[in-house]
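Working through the structure, step by step
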Amino acid sequence: ECLGYSPGLNAAQVRDVVVVGAGPAGLAAAIYGASEGLDMLVLESTAPGGQAGSSSKLENYLGFPTGISGQELAERAYTQAEKFGTEIAIARTAARLECDARPYRISMGNGTSVSARAVVIATGARYRKPPLEALAHFEGLGVYYSATALEAKLIGTDEVIVVGGANSAGQAAVFLSSTARKVYMLVRGKALSATMSRYLVRRIEDSPTIEVLVDTEIVALEGATGLERVTWSNKLTGERVTCNIGHVFMMTGASPNTEWLHNCVAIDDKGFIKVGSDITRDEL
């Protein structure tokens, strides 16, 4: 609020469109709407850029053949949205969508609300977290959910663990391998090729500092004030290994961030919003 990123919102004002979520999709919607003269408001609970904004480098994003960091992509999109007159409110979390009357009303976690003639839902996903007893204790003290230049400075040349087998895990492993002494990739599946883009698989295979451990998952995190030791287990053999490692990057996928939408839109059993022919006649 002191930095001016959380302006006071007029609850009586009816916006043309409220976009919930300032990831690439939400910012793109804001740019397109505002450029056509619509009164656009974007609500974002954390930071512009979403999960893409926390990526060390995006190489398969349209228009950037040499790649672009997630932070730079978010900054450009944010600036472009503001150029066209979009109002962007950071640290504003949509808690409930009230859809029984028009205009729609979005209630936020701090007790305030905003009204809109239309709502664009671009809430993306939230990180999945493995069921580890001490996980919450070590978040920010050795357990991270993004691999950016900030985390790279924290780890220096230490050994690190990257958990996951999809593109986000591959990007993190390749990025961290440029400074870390050793990067262990712990993958629950049997191979990277089933879940990761081929260009990343090749880079990981060519890197002398990345070791991929398949059929493997973390079973314990230990430490006093911060993370100091990690134990992982092979699911097939049951073999356990404990290493003195203080940095773990959790890239274990994400789940749809749609709990606040129930009773307003049709949602499937996995939490995804139904659209098009997936919506049944009864749901309509």
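Our structure is the block above this text.
Read on for an overview of the structure. What you see is a predicted model, and the numbers here were worked out from it, not measured in a lab.

**A word on the pairing of strand β10 (residues 183–187)**
Within β10, five of the five residues are buried, leaving the element largely enclosed by the surrounding structure. Residue alternation in β10 divides its side chains into two sets, V183, M185 and V187 and Y184 and L186, and both sets are buried. Relative to β10, strand β9 (residues 160–163) is paired through four bridges, and the arrangement is parallel. Residue pairing in the sheet places V162 in a bridge with M185 of β10.

**As for the nonpolar core**
Counting 21 residues, the largest nonpolar core has V162, L176, V183, M185 and F249 as the members making the most contacts within it. Here this core takes four residues from helix α6 (residues 167–176), the largest share from any one element. For L176, the contacting residues outside a window of four places in its chain are A147, I155, V160, V162, V183 and F249.

**Some thoughts on the packing of aromatic side chains**
Remark: the centre distance and the inter-plane angle together describe each pair of aromatic rings, the angle taken between the planes. Inspection of every chain in the model, using the stated rule, returns four aromatic pairs. Aromatic pair Y61 and F64: ring centres 6.4 Å apart, planes at 45 degrees, arrangement tilted. For Y61, a relative accessible area of 33% translates into the label partly exposed.

**Regarding the state of the cysteines**
For the coordinates displayed, the defined rule picks out one disulfide. The side chain of C99 participates in a disulfide bridge whose partner is C264; the two sulfur atoms lie 2.0 Å from each other. Handedness here is read from the sign of the S-S torsion; for C99 and C264, about -100 degrees, the answer is left-handed. With C99 in the loop between β4 (94–98) and β5 (104–108) and C264 in the segment after β16 (254–256), the pair connects residues that are 165 residues apart, well separated along the chain.

**Digging into the sheet that holds β10**
Ordered by their spatial adjacency, five strands build an open sheet running β8-β15-β9-β10-β11, and the pairing between neighbours is parallel. For this open sheet the edge positions go to β8 (143–144) and β11 (210–214), each flanked by a neighbour on one side alone. Of the pairings in the sheet, the one linking β9 to strand β15 (residues 248–250) comprises three bridges and is parallel in character. The residue of β15 that forms the bridge with V162 is F249.

About the cut-offs
Residues numbered from 1 in each chain as written. Predicted model: local features only at pLDDT ≥ 70, side-chain atom pairs only at ≥ 80, totals over all residues. Heavy atoms only, no water. Buried < 20%, exposed > 50% of the residue type's maximum accessible area, 1.4 Å probe, protein only. Helix = DSSP H or I, 4+ residues; strand = E, 2+ residues; numbered from the N terminus. Pairing = 2+ DSSP bridges. Core = buried A, V, L, I, M, F, W, Y, C linked by side-chain atoms within 4.5 Å. Contact = heavy atoms within 4.5 Å. Phe/Tyr/Trp six-rings, centres within 6.5 Å; stacked < 30°, edge-to-face > 60°. Disulfide = S-S within 2.5 Å.

Treat this as a map of the structure, not an account of what it does.
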